[in-house]
Each structure stands twice: as structure tokens, then as C-alpha cells.
Amino acid sequence: MITIQNLTKTYHTKSGEVEALRGISAEIRDGDIFGIIGLSGAGKSTLLRCIALLETPTSGSISIDGRDLSSLRGRQLTEHRRQIGVIFQGYNLLMQRTVSGNIAFPLEIAGVPKAEIRRRTEELIHLVGLDGKADAYPSQLSGGQCQRVAIARALANNPKVLLCDEPTSALDSFTTKAILDLLSDINQKLGVTIIIITHEIGVVKQICSQVAVIESGRFAEYGVAAEVLAAP
Ligand code: ADP
Ligand code: ADP
């Protein structure tokens, strides 16, 4: 379980302070698909980066399975980062590497033996529905296929949590549905907890079990997706 308690983040800029998060609290249970929906500038990416340990909160805490993330150092921090897979907006693929090269990359960094990397990469390619595309380069793929590569790469180290930053904002509605089906499948088959940030209500409707509506750095509403969305 991920427990977020009274989280704040203030950026200090030349033109003054920006309070990106102003006291966010939530519990995200194992196996949830948790949506965070809000307008541009509401604080979605900042929250995601705090959970991914890419940003340090100003105050408050985030803990996973009871362990406060701010207490992690060195090796524990590295191990913890591996527990969290992230897919970024715009896929962030390595253009000079093939599909399998992209998926293998985090495994190479983790020092996984070559034979194991090969086995794991093939398994992931199959999981995300890219059979036959192992040797293709990102420039030869559609947007939906690139997103599948990004998802496979994020899952390479067997994370418990998958963070998705606007996973479908660049995709047409048909491809959006296919990618959301894939995420749903991964959630069920692998038991991975998924956190999705989005500005599209359709995304929340299709796959989220829980949703938080974020406005100006606060959760305006938060709860079971069907109930929050049904509210007048
Ligand atoms: P969203 O993802 O919902 O669009 P962000 O988390 O990106 O929102 O941004 C929330 C607020 O924090 C915005 O006002 C944004 O300009 C500001 N912000 C985000 N990142 C930084 C940063 N690195 N430095 C200064 N301000 C930032
Ligand atoms: P998103 O909404 O997806 O976060 P943004 O355009 O808000 O996209 O942010 C892109 C990058 O710019 C992020 O790394 C964010 O931290 C940074 N950023 C956003 N707003 C500001 C800002 N006001 N000042 C400095 N950096 C910012």
C-alpha cells in the first residue's frame, strides 16, 4: 500500500513561490488502478514525480508498505526505485536502439546476466503484444506501438507499481482503448498497482477503480471512481 500524508511541494522560482501541492493525502491499495485527474498546472506531474522519487517533497510523507521513502538511502533507494516503473509522456525511447534494446536497457543497468535479459525481453515483448517487432527501431513504429515498448521497459525489473504520465494523450481513441486494455490486463495478470495521471475523464471511466480529482494542488474529491464520477 502507498500512503501519502499531507504532502506539499513548493517551487521557488525567480518570480516567486509556486505551491504545486498543498496537502495531499491518500491511500493507494495494492492492485488498485488509481486515476489522478485534473487540468494542466493542477499538480499531477509533481505528485507523480514525488512518488517516483524524482522530486523531494517540501513537507509531508509518502510511504510504501509502511516504509517512509524519505528514510531511504543508497542501495535501498536504488532498490526502491526499481519497485516503481514509470512511463513518461512522449515515450522517452532510445531512438538508436531496437525494441528489444530499449526493453533490455533497465536490465543491463541492473546488472542482470545476458541470458536472463534475453529471456525476460522476449517475455515482455510477448506480454505487450509486440511479437515480431523485436528488431524494429522506434522510428518504424506507430505511437501505440511505442507506448507498448515504454510499458514493457517500465515492467522490466518487475515493479510493484507502474506510474503512467498521460499514457494516452498522444493517441487516437482506438489506440487509447487498446493501450488501456493492456494496462488493465497487466494489472490483473501481474497484480501491479497502477497510478495514471490524465486530463481525460474517458481514461478514468474505462479502467480506474479509484480516482482523485486534483485542483490547485489539492484533492477536491477522492474515492471509488464510479461514485466520484456519478456525483452531480
Ligand atoms: P500538471 O502535471 O497537473 O500539469 P504540474 O505538476 O506540472 O501540473 O505543475 C503544477 C504547478 O507547479 C504549475 O504551476 C507548474 O508551473 C509548477 N511547476 C511544476 N514543475 C515546476 C518546476 N520544476 N519549477 C517551478 N514550477 C514548477
Ligand atoms: P507537465 O504538465 O506534463 O508536467 P510541463 O510543461 O508542466 O508538463 O512541465 C515540463 C517540465 O518543466 C517538468 O519537468 C516541470 O518540472 C518543468 N516545469 C513546469 N513548470 C515550470 C515552471 N513554472 N518553472 C520551471 N520549470 C517548470
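Just above, that's the structure.
Note that the structure is predicted; figures quoted are calculated from it, not measured. The numbers attached to residues start from 1 for each chain and follow its sequence in the written order. To read the labels, note that chains go from A and ligands from 1, taken in the order they are written. Residues qualify for local features only when their pLDDT is at least 70, as the model is predicted, and side-chain atom pairs are given and counted only at 80 or more; totals for whole chains, interfaces and linings, by contrast, use all residues. Side-chain numbers come from the whole structure's heavy atoms, not from hydrogens or water.

### Quick look at the sheet that holds strand β1 (residues 2-13)
Counted only if it meets this: Pairing between strands requires that DSSP locate at least two bridges from one strand to the other. Secondary structure is summarised from DSSP: a helix means a run of H or I of at least four residues, a strand means a run of E of at least two, and numbering begins at the N terminus for each. Residues are treated as being in contact if the distance between any of their heavy atoms lies within 4.5 Å. Inter-axis angles, ranging from 0 to 180 degrees, are taken between N-to-C directions of lines fitted to C-alpha atoms, where helices are fitted over the stretch in contact.
In space, the four strands of this open sheet follow the order β2-β1-β4-β5, with antiparallel pairing throughout. With partners counted over all chains shown, the strands left at the sheet margins are β2 (16-28) and β5 (67-68), one partner each. Where strand β4 (residues 59-64) and β5 come together, two bridges link them in antiparallel fashion. Looking across to β5, one finds that Ile64 is bridged to Arg67. Packing of helix α1 (residues 44-51) onto the sheet brings it into contact with β1, β2 and β4, and relative to β1 it is tilted by some 120 degrees.

### Details of the nonpolar core
Stated precisely, the cut-off is as follows: As used here, the term nonpolar core means buried Ala, Val, Leu, Ile, Met, Phe, Trp, Tyr and Cys residues forming a set that is joined through side-chain atoms within 4.5 Å. When accessible area is computed with a 1.4 Å probe and restricted to protein chains, residues below 20% of their type maximum are described as buried, those above 50% as exposed, and intermediate ones as partly exposed.
Among the nonpolar cores identified, the biggest contains 44 residues, and Val99, Ile151, Leu155, Leu162, Leu183, Ile194 and Ile196 are the most heavily contacted of them. Top element by residues in this core is helix α5 (residues 143-155). It accounts for seven residues. Apart from residues lying up to four places away in sequence, Val99 is in contact with Ile125, Leu130, Lys133, Ala134, Ala136, Leu141 and Val149. Listed in part, the 29 residues of the second largest apolar core include Ala26, Ile62, Leu72 and Ile195.

### With respect to empty space enclosed by the protein
Any empty space left between atoms is shown by rolling a water-sized probe over those atoms. Defined as follows: Every definition here rests on a 1 Å grid over the protein atoms only: cavities are sets of points where a 1.4 Å probe fits but cannot get out, pockets are open sets enclosed by protein on both sides within 12 Å along at least five of seven lines, and lining residues have some atom within 4 Å of a point. Grid points are joined across faces, edges and corners, and a volume is the space filled by probe spheres set on the points. Note that Gly is not counted as nonpolar here; it falls among the polar residues with everything else outside the nonpolar set of Ala, Val, Leu, Ile, Met, Phe, Trp, Tyr, Cys and Pro and the charged set of Asp, Glu, Lys and Arg.
Under the counting rule described, the total for this entry stands at one cavity of 30 Å³ or more. One number sums up the size of the largest cavity: a volume of about 40 Å³. Taken together, the residues of the lining of the largest cavity sort by class into five nonpolar, one polar and four charged.

### So, the site of ligand 1
Threshold: Nearness here has a simple test: a residue counts as near a molecule or strand if at least one of its heavy atoms is within 4 Å of that partner. Whenever two N or O atoms come within 3.5 Å, that pair is a polar contact, provided that in protein one can donate a hydrogen and the other can accept it, and provided that, for residues adjacent in sequence, both atoms are side-chain atoms. The protein chains shown are the only cover counted for residues, whose accessible areas, like all others here, come from Shrake-Rupley with a 1.4 Å probe.
Ligand 1 sits among 13 residues. The nearest are Gly41, Gly43, Lys44, Ser45 and Thr46. Within the backbone of Gly41, one N or O atom sits 2.7 Å away from an oxygen atom of ligand 1. Taking Ser45, its side chain carries an N or O atom lying 2.7 Å from an oxygen atom of ligand 1. Protein contact buries 64% of the 560 Å² of open area that ligand 1 shows by itself. Those elements that provide at least two residues to the shell around ligand 1 are β1, β2 and α1. Broken down by element, the shell around ligand 1 gets its largest block of residues, four residues, from α1. Across the shell around ligand 1, the residue classes break down as five nonpolar, six polar and two charged.

### Notes on α1
In terms of burial, α1 is a largely internal element, six of the eight residues being buried. If you check which residues of α1 are buried, you get Lys44, Thr46, Leu47, Leu48, Cys50 and Ile51.

### Details of the sheet that holds strand β10 (residues 218-224)
Sheet strands associate in pairs through backbone hydrogen bonding, adopting either a parallel or an antiparallel arrangement. Taking strand neighbours across the sheet as the criterion, the six strands line up as β6-β7-β8-β3-β9-β10 in an open arrangement whose pairing is mixed. The sheet is open, and its two edges are formed by β6 (84-87) and β10, each paired on a single side. On average, adjacent strands in this sheet sit at an angle of 15 degrees to one another, irrespective of strand direction. As paired strands, strand β3 (residues 33-37) and strand β9 (residues 210-215) are joined by four bridges and run parallel to one another. In the strand pairing of β9, Gly35 is matched with Val211. Contacts between α5 and the sheet are confined to β6 and β7 (161-165), with β6 contributing the most and set at about 165 degrees to the helix. Lying over the sheet, helix α6 (residues 173-190) contacts β3, β7 and β8 (193-198), oriented at roughly 155 degrees with respect to β8.

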